[in-house]
Amino acid sequence: MAIYHGIRFSVRPGVTGEAVAAGLAAMRDAARATPAVTSFVVGRDFGGDYDYGAVSVVADLVGYAEMMNHPAHLEVDRAGLPLIERFASFDVSDDPDPELGARIAEIHRSRYAANPDVADLVSDLDDHRGSGAPGGSAS
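Below is a summary of the structure that appears in this document. Quick caveat: nothing in here was measured; it's all calculated off a predicted structure.

### Some details on the pattern of salt bridges
Side chains that carry opposite charge are capable of pairing whenever their charged atoms lie near each other.
Next up, step 1: What the rule picks out here adds up to nine salt bridges.
Next up, step 2: A salt bridge links Asp77 to Arg111, with the nearest nitrogen and oxygen atoms 2.0 Å apart. Placement of Asp77 in helix α3 (residues 71-80) and of Arg111 in helix α4 (residues 100-114) is noted, with a sequence separation of 34 residues between them.
Next up, step 3: Under the relative-accessibility criterion, Asp77 is labelled buried at 12%.
Next up, step 4: For Arg111, a relative accessible area of 3% puts it in the buried group.

### Examining a nonpolar patch on the surface
Next up, step 1: Taken together, the side chains of Tyr4, Phe90 and Val92 make up a nonpolar region of the molecular surface, amounting to roughly 270 Å² of accessible area.
Next up, step 2: By the secondary structure assignment, Phe90 is in strand β4 (residues 84-93).

### So, helix α2 (residues 61-69)
Next up, step 1: Looking only at α2, the buried set comprises Gly63, Tyr64, Met67 and Met68. Across the axial projection of α2, the buried residues extend over an arc of 130 degrees, all falling on one side.
Next up, step 2: Buried residues in α2 make contact with β1 (3-11), β3 (52-58), α3, β4 and α4.
Next up, step 3: Here α2 starts with a cap whose side-chain oxygen sits 3.2 Å from the backbone nitrogen of Val62, and that cap is Asp60.

### Quick word on the sheet that holds β3
Next up, step 1: Across the sheet, which stays open at both edges, the five strands sit in the order β2-β3-β1-β4-β5 with mixed pairing between neighbours. Looking at which strands have only one partner, the edges of the open sheet turn out to be β2 (39-44) and β5 (127-130). Mean inter-strand twist for the sheet, computed between neighbouring axes without regard to direction, equals 10 degrees.

### Here we look at the environment of Arg129
Next up, step 1: Along the polypeptide, Arg129 turns up in strand β5.
Next up, step 2: Residue classification places Arg129 among the partly exposed positions, given a relative accessible area of 49%.
Next up, step 3: Once the C-alpha coordinates of Arg129 and Ala22 are considered, the two residues, 107 residues apart in sequence, prove to be 24 Å apart.
Next up, step 4: In contact with Arg129, not counting residues within four places along its chain, are Phe87, Ala88 and Ser89.

### Comments concerning the packing of α3 against helix α5 (residues 116-123)
Next up, step 1: Orientation of α3 relative to α5, taken along the N-to-C sense of each, is 40 degrees, at an axis distance of 10 Å. With respect to each other, α3 and α5 are oriented oblique. Crossing of α3 over α5 shows left-handed handedness. In contact with Leu74, Asp77 and Arg78 of α3, α5 contributes Asp117, Val118 and Leu121.
Next up, step 2: Looking at the contact of α3 with α5, its residues break down into three nonpolar, no polar and three charged.

### Looking at the environment of Ala2
Next up, step 1: Inspection of the secondary structure assignment puts Ala2 in the segment before β1.
Next up, step 2: Relative accessible area serves as the criterion here: at 14%, Ala2 is assigned to the buried category.
Next up, step 3: Separated by 61 residues in sequence, Ala2 and Gly63 have C-alpha atoms that sit 9.6 Å apart.
Next up, step 4: Ignoring anything within four residues of it in the chain, the contact list for Ala2 reads Val57, Val58, Ala59, Val92, Ser93 and Asp94.

Conventions and cut-offs
Residues numbered from 1 in each chain as written. Predicted model: local features only at pLDDT ≥ 70, side-chain atom pairs only at ≥ 80, totals over all residues. Heavy atoms only, no water. Salt bridge = Lys/Arg side-chain N within 4 Å of Asp/Glu carboxyl O. Helix = DSSP H or I, 4+ residues; strand = E, 2+ residues; numbered from the N terminus. Buried < 20%, exposed > 50% of the residue type's maximum accessible area, 1.4 Å probe, protein only. Patch = residues over 30% accessible without salt bridge, like charges linked within 9 Å, V, L, I, M, F, W, Y side chains within 5 Å. Areas by Shrake-Rupley, 256 points an atom, 1.4 Å probe, with all protein chains shown as cover. Arc of directions from axis to C-beta. Contact = heavy atoms within 4.5 Å. Polar contact = N/O pair within 3.5 Å; in protein donor to acceptor, adjacent residues only side chain to side chain. Pairing = 2+ DSSP bridges. Axes fitted to C-alpha atoms, helices over the stretch in contact; angles between N-to-C directions. Parallel < 35°, antiparallel > 145°, perpendicular 65-115°, else oblique. Left-handed = near helix turned anticlockwise from the far one by under 90°. Nonpolar A, V, L, I, M, F, W, Y, C, P; charged D, E, K, R; others polar.

So this is what it looks like as C-alpha cells:
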C-alpha cells in the first residue's frame with residue numbers, strides 16, 4: 001500500500017521566473033532529503049487551473065507524518081508559501097482503512113499546532129483547500 005500526496009498551486013502575480021525555478025528546485029531537494037518519500041514528481045500542472053504541482057509517494061502514515069514534518073519540507077513551506085496565490089492538496093491511497101482521511105487530517109492539525117508560523121502562512125493564501133487545509137478535513 002502507499003499514500004500519494006499531491007499539491008497543485010498557482011503563483012502570485014509578479015513572482016519572477018527565477019523565484020519559481022528556485023522554489024521548484026527546493027521542493028525537489030526537500031523530497032530527496034526525506035527518507036520516507038519513495039518517489040516524487042515536481043513540475044508544471046497541465047489540464048487544470050493551476051500553474052505547478054507535485055506528487056510525493058510514501059508507504060504509510062508513519063512516512064506521511066515524517067514527510068510533512070521533515071525540516072526540509074517545513075523550510076520549503078516557509079520560503080514558498082508567500083509566493084503562492086492558490087493552493088490545493090489531495091491524497092490518494094489504496095489503504096482500505098476507513099479512518100485514513102481522518103488520520104491524515106490529524107497529521108496536518110498536529111503539524112500546524114507545532115508550527116504556527118506555517119499555519120499562518122497557509123491561512124494567508126487567497127485560496128487553500130484539500131487534505132492540509134487548516135481547520136478542514138481530509139478530502
